[in-house]
Amino acid sequence: MSPISEAMSDMHISEDENLLNAPDDAAIMCKTEIRAGLDRSDVRRISEIERLSFTDPWLEISFEDIAEGKKDCIFITAYSDGEPSGFGCMYTVLDEAHIMNIAAAPDCRRRGVASMIMDALISDAISKGVSVMMLEVRESNRAAIGLYKKYGFEEVGVRKNYYRKPTENAILMNKNL
């Protein structure tokens, strides 16, 4: 089984319903640094961001496996004020990349963290010769869909009842590079 197939059922994209109603000053950029990889000392905080972002979160052991190099994925960690503030995870197979998970800490949403993570993932995909990036997103997650459209992703299909807690369809989105 390929890494993408193995992890597809665990894919998540963070949602913040307050994104669309946030005051203008919430859009002020966090002072954020992006680093490739996941440091073992940051696993607990990344797992916490995951739990705060998703109704069906990945287990902490999944992040431990990534930090220990047991999963062959591209992992991006965002740091704001020296602390982990978000992350992105992507698998590549041949010329395809599948974004598995993007999340920002609640206090760093609407402050450019997710955009910086997207920039890093797209840059990494281009450097690896990827021709198409793919992802799934909850159909109710208007904020994430808006972010992906901003980056040129297009809706290409629907996966019925893909998500659980609650059960919901996934919108399939692709971006040609």
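Residues numbered from 1 in each chain as written. Predicted model: local features only at pLDDT ≥ 70, side-chain atom pairs only at ≥ 80, totals over all residues. Heavy atoms only, no water.

The next subject is the confidence of the model for the protein chain. In this model, the protein chain carries a mean pLDDT of 86, and residues with pLDDT of at least 70 account for 83%. Taking the mean pLDDT of every element in the protein chain, the minimum, 33, falls on helix 1 (residues 3-7) and the maximum, 98, on strand 8 (residues 168-176). pLDDT under 50 marks residues 1-27. Its contacts with residues more than four places away, or in other chains, come to 64 contacts. (pLDDT = per-residue confidence, 0-100. Helix = DSSP H or I, 4+ residues; strand = E, 2+ residues; numbered from the N terminus. Contact = heavy atoms within 4.5 Å.)

A few words now on the packing of helix 2 (residues 43-53) against helix 3 (residues 60-67). Helix-helix packing is characterised by the crossing angle of the two axes and by the distance between the axes. Packing of helix 2 against helix 3 leaves a shortest axis separation of 9 Å and a crossing angle of 135 degrees. Relative to helix 3, helix 2 is oriented oblique. In terms of crossing hand, the pair formed by helix 2 and helix 3 is right-handed. Taking contact as the criterion, the partners of Val43, Arg44, Ile46, Ser47, Glu50 and Arg51 in helix 2 are, on helix 3, Glu60, Phe63, Glu64 and Ala67. Among the residues forming the contact of helix 2 with helix 3, the class breakdown is four nonpolar, one polar and five charged. (Axes fitted to C-alpha atoms, helices over the stretch in contact; angles between N-to-C directions. Parallel < 35°, antiparallel > 145°, perpendicular 65-115°, else oblique. Left-handed = near helix turned anticlockwise from the far one by under 90°. Nonpolar A, V, L, I, M, F, W, Y, C, P; charged D, E, K, R; others polar.)

Of all hydrophobic cores here, the largest spans 28 residues; its most connected members are Ile99, Met118, Met133, Tyr148 and Phe153. Of all the secondary-structure elements, those providing two or more residues to this core are strand 3 (74-80), strand 5 (96-104), helix 4 (113-127), strand 6 (132-138), helix 5 (142-150) and strand 8. In terms of residue count, the dominant contributor to this core is helix 4 (seven residues). (Core = buried A, V, L, I, M, F, W, Y, C linked by side-chain atoms within 4.5 Å. Buried < 20%, exposed > 50% of the residue type's maximum accessible area, 1.4 Å probe, protein only.)

Right, let's talk about unusual backbone geometry for a bit. The linkage connecting Lys165 with the following residue, Pro166, adopts the cis geometry, with an omega of 0 degrees. Within the secondary structure, Pro166 is located in the loop between strand 7 (154-163) and strand 8. Non-glycine residue Asp81 carries a positive phi angle of around 55 degrees. Tracing the backbone through its elements, the reader meets Asp81 in the loop between strand 3 and strand 4 (83-93). Positive phi values are uncommon outside glycine, yet Leu94 reaches one of about 55 degrees.

Turning next to the side chain of Asp56. Here Asp56 lies in the loop between helix 2 and helix 3. Given a relative accessible area of 13%, Asp56 falls into the buried group. Within the structure, the side chain of Asp56 is placed 2.5 Å from the side chain of Arg164, a separation counted as a polar contact. (Polar contact = N/O pair within 3.5 Å; in protein donor to acceptor, adjacent residues only side chain to side chain.)

For the coordinates displayed, the defined rule picks out nine salt bridges. With its nearest N and O atoms 3.1 Å apart, the salt bridge here joins Arg35 to Glu33. The salt bridge partner of Glu68 is Lys70, with a shortest N-O separation of 3.1 Å. With a relative accessible area of 59%, Lys70 lands in the exposed category. Because the salt bridges share partners, they merge into one network encompassing Asp56, Arg164 and Lys165. (Salt bridge = Lys/Arg side-chain N within 4 Å of Asp/Glu carboxyl O.)

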